[in-house]
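# Per-entry structural report
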Amino acid sequence: RLREKWPVTLRQAFERDCHVVLDFITDAEEATLCDEVAPRLKRLRYEKSHWDDAIHLYRETERSQWSPAATSIINRIKTRSFGSDAQHLSHVHVLDLHKDGLIKPHIDSSRYCGDVVSGVSLLSDSVMRLRHKDDEETLIVDLLLRRRSLYILSGVARYDFKHEILADAVSKFKEEHVPRDRRISIICRDLPKSVNASPTD
Ligand code: AKG
């Protein structure tokens, strides 16, 4: 509804660059991914971030080696998310957000993230809010990230909008509370282009 008031070119670009795919993975695939990351996560404590950090009450790890079953799920995420010329980051980012945790508005740094950020949500529904960096009060859109869905942010959605994951107390979609439990996200990024560029590029 809000998007109807956006400039047409921005709306079209946003619709091109932002996608949520419901039920991207099955219950069994969710369990496969959870079982695989659980032992590592269990050894970590949830961190309360400093005031200027983007994430509150989380633990995280990176992973490059997966079981064959998980590898095929991760490959499906990458195939759906990235263009054929993208260089995927080989490490997949695993972020475990405590029930009382939240991710504050931020834009992923171009130093470590290329044109696409995508993620599968495990264990809990959540609301991802996107706000335009130059108009955070008017150009806002909420995405309902169902458990087992995949979101893909590219282009304007990745570079011009800050994204955040709402805390349970304010986790609402179309006026309805979306309960936020512990949530694990499996996040894939492509490499910044400059990493691959030769000095003459
Ligand atoms: C990021 O990695 O930049 C995020 O905000 C992660 C969002 C998520 O947990 O899916």
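Each remark here, short or long, concerns the structure printed above.
A brief structural summary. (Residues numbered from 1 in each chain as written. Predicted model: local features only at pLDDT ≥ 70, side-chain atom pairs only at ≥ 80, totals over all residues. Heavy atoms only, no water.)

The next thing to look at is the packing of aromatic side chains. As enumerated under the stated definition, the model contains three aromatic pairs in all. Measuring from ring centre to ring centre gives 5.3 Å for Trp6 and Phe14, while their planes differ by 85 degrees; the resulting arrangement is edge-to-face. Among the residues examined, Trp6 registers a relative accessible area of 4% and is labelled buried. Three or more aromatic residues joined by ring pairs form one cluster here, namely Trp6, Phe14 and Phe161. (Phe/Tyr/Trp six-rings, centres within 6.5 Å; stacked < 30°, edge-to-face > 60°. Buried < 20%, exposed > 50% of the residue type's maximum accessible area, 1.4 Å probe, protein only.)

Glancing now at the site of the ligand. Taken together, Leu95, Ile103, His106, Asp108, Tyr151, His163, Arg183, Ser185, Ile187 and Arg189 make up the full set of residues adjacent to the ligand. Separating an oxygen atom of the ligand from a side-chain N or O atom of Tyr151 is a distance of 2.6 Å. A total of 300 Å² of accessible area belongs to the ligand in isolation, and the protein chains cover 97% of it. In this structure, the ligand is accommodated by the second largest pocket. Residue assignment for the shell around the ligand shows that the elements contributing at least two residues are β3 (92-106) and β11 (183-189). A total of four residues in the shell around the ligand trace back to one element, the largest contributor, which is β11. Taken together, the residues that form the shell around the ligand break down as four nonpolar, three polar and three charged. (Near = heavy atom within 4 Å. Polar contact = N/O pair within 3.5 Å; in protein donor to acceptor, adjacent residues only side chain to side chain. Areas by Shrake-Rupley, 256 points an atom, 1.4 Å probe, with all protein chains shown as cover. 1 Å grid on protein atoms, 1.4 Å probe; cavity = no way out; pocket = protein on both sides within 12 Å on 5 of 7 lines; lining within 4 Å. Sits in = over half its atoms within 2 Å of the grid points. Helix = DSSP H or I, 4+ residues; strand = E, 2+ residues; numbered from the N terminus. Nonpolar A, V, L, I, M, F, W, Y, C, P; charged D, E, K, R; others polar.)

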